[in-house]
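Residue-level structural notes
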Amino acid sequence: MPWGDWQFWIVTLAAIGALVWLVKLFKPRKKRSVRTSLTIEGDRPTRR
């Protein structure tokens, strides 16, 4: 292993960054629940 070569470290860090990016890309995301109010015929909902 070329431990003293700066190019080795640059390529290694780039490969680790790409791997982290790929893991985040394919990791299932948590879906946020979105609260909506249902309307009938386009009327604004009334608050109680």
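Now for a quick tour of the structure. (Residues numbered from 1 in each chain as written. Predicted model: local features only at pLDDT ≥ 70, side-chain atom pairs only at ≥ 80, totals over all residues. Heavy atoms only, no water.)

**A look at the overall build of the chain**
From N to C terminus, the chain includes one helix and zero strands. Evaluated residue by residue, the chain yields a buried proportion of 2% over its 48 residues. Carbon together with sulfur atoms contributes 61% to the accessible area of the chain, which is approximately 5800 Å² in total. (Helix = DSSP H or I, 4+ residues; strand = E, 2+ residues; numbered from the N terminus. Buried < 20%, exposed > 50% of the residue type's maximum accessible area, 1.4 Å probe, protein only. Areas by Shrake-Rupley, 256 points an atom, 1.4 Å probe, with all protein chains shown as cover.)

**Focus on the environment of Trp3**
Within the secondary structure, Trp3 sits in the segment before helix H1 (6-26). Here Trp3 falls in the exposed class, since its relative accessible area comes to 56%. Other than its neighbours up to four places away in sequence, Trp3 contacts Phe8 and Trp9. (Contact = heavy atoms within 4.5 Å.)

**Quick word on the packing of aromatic side chains**
The description of an aromatic ring pair rests on the distance of the ring centres and on the angle between the ring planes. With the rule as written, the count across this model stands at three aromatic pairs. Residues Phe8 and Trp9 carry aromatic rings whose centres are separated by 5.1 Å and whose planes lie at 75 degrees to one another, so their mutual orientation is edge-to-face. For Trp9, a relative accessible area of 38% gives the class partly exposed. Three or more aromatic residues link up through ring pairs in this structure, and these residues are Trp3, Phe8 and Trp9. (Phe/Tyr/Trp six-rings, centres within 6.5 Å; stacked < 30°, edge-to-face > 60°.)

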